[in-house]
Amino acid sequence: TFCKRTEVRPRVARPFSVVVAIDFGTTSSGYAYSFTEDPETIHMMRRWEGGDPGVANQKSPTCLLLTPDLRFHSFGFAARDSYHDLDPEEARHWLYFDKFKMKIHSTSDLTMETELESVSGRRVQAIEVFAHALRFFREHALKEVKDQSFSVLEGNEVRWVITVPAVWRQPAKQFMREAAYLAGLVTPDSPEQLLIALEPEAASIYCRKLRLHQVIDLSQPPVTNGLDVDGSRPFDSSFRQAREQLRRARHSRTFLVESGTGELWSEMQTGDRYIVADCGGGTVDLTVHQIEQPQGTLKELYKASGGPYGAVGVDLAFEAMLCQIFGADFIESFKAKRPAAWVDLTIAFEARKRTAAPGRANSLNISLPFSFIDFYKRHRGQSVETALRCLRKHTVSQTNTKPQIGGQFSKVLSLSLTLTENLMQKEEVKGVRFLFLVGGFAESPMLQRAAQNALGRNCRIIIPHDVGLTILKGAVLFGLDPTVVRVRRCPLTYGVGVLNRFVEGRHPRDKLLIKDGREWCTDILDRFVSVDQSVALGEVVRRSYTPARMGQRKIIINIYCSDTDDITYITNPGVRKCGAITLDLLESGAVAASAGDNDKGSMFERREIRTTMQFGDTEIKVTAVDVATGRLVRASIDFLSN
């Protein structure tokens with residue numbers, strides 16, 4: 001007998017009437033939404049004008065154009081086309097940004113002041129650039145939602161979800177939240193209206209809803225030396241078929257998802273593990289989940305891992321090759337003086353990169369724009385052909401200098417796959433049954449074939465048909481029910497520095513502090529959570545703090561973190577100050593009206609502020625209460641002002 005499985009968990013009471021998710025990608029971005037009355041239907045954004053031949057335009061390229069006086073001009077294809085149409089002399093004063101999300105990943109000391117450089121070399125605060133992009137999505141999404149909705153929507157009825165890589169640290173997540181506040185998505189007074197979703201986690205939430213006809217299973221044909229055993233190519237035909245389905249799906253802008261879990265999971269028992277590899281433009285991001293039946297909730301089994309091994313790595317290799325042939329000084333000068341032509345060249349390369357397939361006999365040629373050829377002749381006094389001829393002569397005697405994009409493709413692929421293979425060796429991950437490949441880079445036949453060859457024997461490799469939209473759809477589902485991921489793993493060890501009684505022989509003498517005749521040991525790490533520790537949703541860490549002196553308006557507690565757990569002191573190698581908790585005593589009435597009044601002062605000195613921290617969410621949260629009065633203390637946690 002067949003019966004439809006339904007979610008056992010009670011639906012969360014939602015004050016929101018619509019959830020809008022923004023997938024802010026390195027190369028492309030988009031939004032999708034769902035009304036809470038009809039959570040099984042996900043609406044994709046309207047397609048905009050423009051688009052590239054040979055590239056699937058379900059989302060918009062993450063490109064932004066600002067006017068010379070730093071005002072917003074356009075985003076996406078419109079930004080690219082407008083920039084292209086500017087006179088080269090004029091274009092030098094405009095600010096064009098693309099692939100700027102990578103800067104947030106690569107900046108180790110990210111703050112609100114961190115700057116981004118436009119193609120022409122002008123700099124502007126990164127937070128402004130992100131806010132412009134988010135504001136653009138806000139306006140488009142709200143207009144579209146209002147057109148679709150029968151009732152009048154108030155701003156506080158929208159729950160926003162923004163996706164970020166799971167390997168991003170707290171400062172980067174907070175940066176996205178601050179950019180959303182600046183863009184007017186929500187106000188800092190209602191932070192719960194905005195959720196930060198982790199990209200592979202969102203993909204995982206969507207994958208658990210998949211039906212068998214919505215995926216390609218790469219693990220079926222056994223493979224030898226990159227060819228299928230019987231010499232035929234079911235691999236290629238399955239991709240042709242999938243591309244056809246993808247093409248058809250693009251014409252529809254609404255997707256229906258299962259109310260329970262999809263058929264794929266009927267083959268899985270409780271306890272089965274799977275990996276989601278989100279291969280995007282900037283990062284490869286891995287998460288390991290276990291599905292809990294019958295409620296269909298997810299449990300993270302190993303902390304998120306990954307790195308900057310996305311498709312952009314291949315773009316950087318292309319740029320390095322151009323520098324090798326024509327000289328780095330020339331490429332820099334060309335970018336600054338002919339920025340629009342440089343962008344043209346990168347677009348041509350992007351389209352070629354996407355058609356690269358394994359076993360392709362003919363090479364992929366990229367035409368250099370006329371302005372490149374002309375500019376080179378004027379700059380160097382010789383033709384591009386001469387430069388290439390010289391390079392060929394040079395490479396006969398020195399074969400190892402021959403630039404190879406294919407080699408870089410292999411390098412990026414091998415880094416991503418090594419990452420996945422290493423993850424599979426971990427104790428918690430052994431015996432994983434499925435590997436889901438998602439993200440824009442997962443559309444690359446090169447990546448698909450490499451994954452099949454490297455990992456196909458160990459587990460089933462599944463690619464959803466709408467691979468580039470998986471994260472977006474999952475982010476909508478996450479916004480509808482954020483409790484679906486029940487257990488997460490801590491990416492780092494977090495704690496604060498405290499004083500403990502000094503114990504001779506156990507504590508080093510240089511940590512000794514004598515205060516009021518007592519001996520204390522300084523800098524001891526009071527651990528809140530440990531790296532890779534399981535933390536359930538709603539689980540909290542509590543600590544109490546007392547103001548050090550009368551009339552104190554604020555308590556500021558520095559937070560330290562480390563990649564390992566074998567630490568005793570905050571001064572140990574590898575431990576770094578990463579943020580601070582601020583308890584605002586003035587707001588809560590915890591400060592006595594007149595600190596000079598002895599009576600009130602003595603009461604104030606004993607004041608205890610109980611702080612509660614949550615580590616089980618996608619962001620770290622803190623709340624505090626004044627024990628004496630029971631009143632809430634304004635508590636904030638900041639990872640950006642280091």
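Described below are features of the structure shown in this document. (Residues numbered from 1 in each chain as written. Predicted model: local features only at pLDDT ≥ 70, side-chain atom pairs only at ≥ 80, totals over all residues. Heavy atoms only, no water.)

A word on the overall build of the chain. Helix and strand content of the chain: 17 helices and 31 strands. Taking all 642 residues of the chain together, the buried fraction comes to 53%. Sequence-distant contacts, at least 24 apart, represent 72% of the contacts inside the chain between residues at least 6 apart. Surface summary for the chain: the accessible area is close to 29,200 Å², and the carbon and sulfur share equals 50%. (Helix = DSSP H or I, 4+ residues; strand = E, 2+ residues; numbered from the N terminus. Buried < 20%, exposed > 50% of the residue type's maximum accessible area, 1.4 Å probe, protein only. Contact = heavy atoms within 4.5 Å. Areas by Shrake-Rupley, 256 points an atom, 1.4 Å probe, with all protein chains shown as cover.)

So, about the packing of helix H8 (residues 312-326) against helix H10 (residues 339-355). Here H8 crosses H10 at 125°, and the two axes come no closer than 11 Å. It follows from the interaxial angle that H8 and H10 lie oblique. Crossing of H8 over H10 shows right-handed handedness. Residues Val314, Asp315, Phe318, Glu319 and Leu322 of H8 form the contact with H10, whose own contacting residues are Trp342, Leu345, Phe349, Glu350 and Lys353. Counted by class, the contact of H8 with H10 contains six nonpolar, no polar and four charged residues. (Axes fitted to C-alpha atoms, helices over the stretch in contact; angles between N-to-C directions. Parallel < 35°, antiparallel > 145°, perpendicular 65-115°, else oblique. Left-handed = near helix turned anticlockwise from the far one by under 90°. Nonpolar A, V, L, I, M, F, W, Y, C, P; charged D, E, K, R; others polar.)

Turning to the sheet that holds strand S24 (residues 518-529), a few remarks are in order. Strand order in the open sheet formed by nine strands is S23-S24-S22-S27-S28-S31-S30-S29-S26, and the pairing between neighbours is antiparallel. Every other strand in the sheet has two partners, leaving strand S23 (512-515) and strand S26 (540-545) as the edge strands with one partner each. Geometrically, the sheet is characterised by an average inter-axis angle of 35° between neighbouring strands, direction not taken into account. (Pairing = 2+ DSSP bridges.)

So, on to the nonpolar core. Ranked by internal contacts, the top residues of the largest apolar core, which has 96 residues, are Tyr83, Ile275, Phe326 and Leu437. Among residues more than four places away in sequence, those in contact with phenylalanine 326 are Leu368, Phe372, Tyr376, Arg380, Val384 and Ala387. In terms of nonpolar packing, the next biggest core, distinct from the first, is built from 50 residues, Leu64, Leu95, Ala133 and Leu153 among them. (Core = buried A, V, L, I, M, F, W, Y, C linked by side-chain atoms within 4.5 Å.)

Ordered in space as S6-S5-S7, the three strands form an open sheet in which the pairing is antiparallel. Edge positions in the sheet fall to strand S6 (72-75) and strand S7 (95-98), since each has one partner strand and no second. Each strand of the sheet is rotated relative to its neighbour by a mean of 15°, with strand direction disregarded. Looking at chain direction, strand S5 (residues 63-66) and S7 are connected through four bridges and run antiparallel. When the bridges of S7 are listed, cysteine 63 appears paired with aspartate 98. Set on the sheet, helix H1 (residues 77-85) makes contact with S5, S6 and S7; between it and S6 the angle comes to about 115°. Across the face of the sheet, helix H4 (residues 126-148) comes into contact with S5, S6 and S7 while running at roughly 65° to S6.

On to the packing of aromatic side chains. All told, the structure shown has 26 aromatic pairs when counted by the stated rule. Between tyrosine 83 and tyrosine 96 the ring centres are 4.5 Å apart and the planes differ by 0°, which places this aromatic pair in the stacked class. Taken together, the residues span a long stretch of sequence, with tyrosine 83 in helix H1 and tyrosine 96 in strand S7 at a distance of 13 residues. No difference in accessibility class separates tyrosine 83 from tyrosine 96, as the two residues are buried. Clustering of aromatic rings is evident, with ring pairs tying together Phe326, Phe330, Phe334, Phe372, Phe375 and Tyr376. Note that lysine 101 overlies the ring of tryptophan 168, its terminal NZ or CZ placed 5.6 Å from the centroid. Cation over ring: arginine 501 sits above tryptophan 520, and NZ or CZ is 5.2 Å from the ring centre. (Phe/Tyr/Trp six-rings, centres within 6.5 Å; stacked < 30°, edge-to-face > 60°. Lys NZ or Arg CZ within 6 Å of the ring centre and 35° of its normal.)

Burial analysis of strand S10 (residues 158-164) places seven of its seven residues in the buried class, the great majority of the element. Burial of S10 is two-sided: the residues Val158, Trp160, Ile162 and Val164 facing one way and the residues Arg159, Val161 and Thr163 facing the other way are all buried. Strand direction decides the pairing type here: strand S1 (residues 18-24) and S10, joined by five bridges, are parallel. Following the sheet pairing, valine 20 is matched in S10 by tryptophan 160. In terms of strand pairing, S10 meets strand S11 (residues 194-198) through five bridges, oriented parallel. Note that in S11 the partner of tryptophan 160 across the bridge is leucine 194.

With that settled, the discussion passes to the pairing of S24. As paired elements, strand S22 (residues 493-501) and S24 share seven bridges and run antiparallel to each other. Paired with asparagine 500 across the bridge in S24 is cysteine 521. Note: S23 against S24, four bridges, orientation antiparallel. If you follow lysine 515 over to S24, its bridge partner there is arginine 518. Where S23 folds back on S24, the antiparallel hairpin that results is connected by two residues, among which aspartate 516 adopts a positive phi of roughly 50°.

Along the chain, the position of valine 412 falls in helix H13 (residues 405-425). Take valine 412: its relative accessible area is 3%, and that puts it in the buried class. In this structure, the C-alpha to C-alpha distance between valine 412 and leucine 447, residues 35 residues apart in sequence, is 9.3 Å. Sequence-distant contacts of valine 412, that is, excluding residues within four places in its chain, are made with Tyr309, Gly310, Gly313, Val314 and Phe441.

With that settled, consider the pattern of salt bridges. Under the defined criterion, the tally for this structure stands at 25 salt bridges. Across the pair glutamate 117 and arginine 123 runs a salt bridge, and its minimum N-O distance is 3.0 Å. Residue classification places arginine 123 among the partly exposed residues on the basis of a relative accessible area of 44%. Salt bridges sharing common partners tie together Glu115, Glu117 and Arg123. (Salt bridge = Lys/Arg side-chain N within 4 Å of Asp/Glu carboxyl O.)

In the Ramachandran plot, aspartate 523 falls in the positive-phi region, its phi being about 65° despite a non-glycine side chain. Secondary-structure assignment places aspartate 523 in strand S24. One non-glycine residue with positive phi stands out, namely aspartate 532, at about 65°.

Bringing H1 into the picture now. All buried positions along H1 are accounted for by Phe77, Ala79, Arg80 and Tyr83. Buried positions in H1, seen along its axis, are confined to an arc of 165° and lie on one side of it. Along its buried surface, H1 packs onto strand S4 (60-61), S5, S6, helix H2 (88-91), S7 and H10. (Arc of directions from axis to C-beta.)

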